[in-house]
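Overview (structure and organization)
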Amino acid sequence: MVLSFTAAPTARAAELTPAEQCDREAGSELDLERNRAFPAVATQDIRIGVALSACREAYNQSGGARTQFQLARVLDRAGERLKSLSILGEAAQNGHALAMAMYGTRLVERGEPKAAFNLYQRAAAAGNAVAAQHLAAAYRDGVGTRVDGTLAEQWFERAKTN
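Nothing here was measured: the structure is a model prediction, and the numbers come from that model.

Across its full length, the protein chain carries eight helices and zero strands. Start at the N end of the protein chain and walk to the C end: the helices and strands fall as α-α-α-α-α-α-α-α. Overall size of the protein chain, expressed as C-alpha extent along the three principal axes, is 85 × 30 × 25 Å. Across the 162 residues in the protein chain, those meeting the buried criterion constitute 41%. By sequence separation, contacts in the protein chain at least 24 residues apart represent 46% of the contacts at least 6 residues apart. Carbon together with sulfur atoms contributes 53% to the accessible area of the protein chain, which is approximately 9000 Å² in total. Across the protein chain, 19 positive and 18 negative side-chain charges occur, with their mean positions spaced 1 Å apart.

Turning our eyes to something else, we now look at the packing of helix α1 (residues 18-26) against helix α3 (residues 65-77). Look at α1 against α3: their axes get within 10 Å of each other, and the N-to-C directions meet at 50°. One finds that α1 runs oblique with respect to α3. For the pair α1 and α3, the sense of crossing is left-handed. On α3, the residues touching C22, D23 and A26 of α1 are R66, Q70, R73 and V74. Here the contact of α1 with α3 is composed, by residue class, of three nonpolar, one polar and three charged.

Counting 41 residues, the largest nonpolar core has V74, Y103, L135 and W155 as its most contacted members. Among the secondary structure elements, those contributing two or more residues to this core are α1, α2 (48-61), α3, α4 (81-93), α5 (97-109), α6 (113-125), α7 (129-141) and α8 (149-161). Per-element accounting of this core gives the leading share, seven residues, to α5.

This brings us to the packing of aromatic side chains. On inspection of all chains with the given rule, the structure shows one aromatic pair. It is R158 that lies over the ring of W155; its NZ or CZ is 4.3 Å from the centre.

A few words now on the environment of H96. Residue placement: H96 occurs in the loop between α4 and α5. For the pair H96 and A126, spaced 30 residues apart in the sequence, the C-alpha separation amounts to 9.6 Å. When residues no more than four places from it in sequence are discounted, the contact partners of H96 are D31, E33, A65, R66, F69 and A91. At 3.1 Å, the side chain of H96 and the backbone nitrogen of A99 are in polar contact.

The residue G79 is located in the loop between α3 and α4 in this model. Expressed as a C-alpha distance, the spacing of G79 and I48, which sit 31 residues apart in the sequence, is 10 Å.

Our next topic: the packing of α1 against α2. At a closest axis distance of 8 Å, the pairing of α1 and α2 adopts a crossing angle of 140°. Relative to α2, the element α1 is oriented oblique. Two packed elements cross with a definite hand, and for α1 against α2 that hand is left-handed. Between α1 and α2, the residues in contact are P18, A19, Q21, C22, E25 and A26 and V50, A51, A54, C55, E57, A58 and Q61, respectively. Looking at the contact of α1 with α2 residue by residue, the classes come out as nine nonpolar, two polar and two charged.

About the cut-offs
Residues numbered from 1 in each chain as written. Predicted model: local features only at pLDDT ≥ 70, side-chain atom pairs only at ≥ 80, totals over all residues. Heavy atoms only, no water. Helix = DSSP H or I, 4+ residues; strand = E, 2+ residues; numbered from the N terminus. Buried < 20%, exposed > 50% of the residue type's maximum accessible area, 1.4 Å probe, protein only. Contact = heavy atoms within 4.5 Å. Areas by Shrake-Rupley, 256 points an atom, 1.4 Å probe, with all protein chains shown as cover. Lys, Arg positive; Asp, Glu negative; His and termini not counted. Charge placed at Lys NZ, Arg CZ, Asp CG, Glu CD. Axes fitted to C-alpha atoms, helices over the stretch in contact; angles between N-to-C directions. Parallel < 35°, antiparallel > 145°, perpendicular 65-115°, else oblique. Left-handed = near helix turned anticlockwise from the far one by under 90°. Nonpolar A, V, L, I, M, F, W, Y, C, P; charged D, E, K, R; others polar. Core = buried A, V, L, I, M, F, W, Y, C linked by side-chain atoms within 4.5 Å. Phe/Tyr/Trp six-rings, centres within 6.5 Å; stacked < 30°, edge-to-face > 60°. Lys NZ or Arg CZ within 6 Å of the ring centre and 35° of its normal. Polar contact = N/O pair within 3.5 Å; in protein donor to acceptor, adjacent residues only side chain to side chain.

What follows is the structure, encoded as structure tokens:
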């Protein structure tokens, strides 16, 4: 007589879709759009090999804005800044609010403050606190816009409440 024991099913990595694996491995604590079924992953805690594999596969399958943002985040962590910047731009163009804020910062670094300001405005209007902070600083410092202390103060307050 042979006895057979089977374990109860568990949620293993093999049972997750590539998009879910990417969410699990690279979901940012600052991303309000991240998949809340998984805990946030701090940048320094990204397991580059696993996250890169999952996020690339998810990107190739669907390429949605959240997946684009997460792949860009992993690529940046892996030191692939040019690839990261390109895909971060895709995520921003596709309306991912945190990607817009982060891409805006990269645009300022490249000498494109007006384009950055426009992204900060869109993302802040969508309720992104990081973008609101950047927008406030832009008004304060005149980056891509005229200096406006009143608007800077208003956006700094909004950033605190988002």
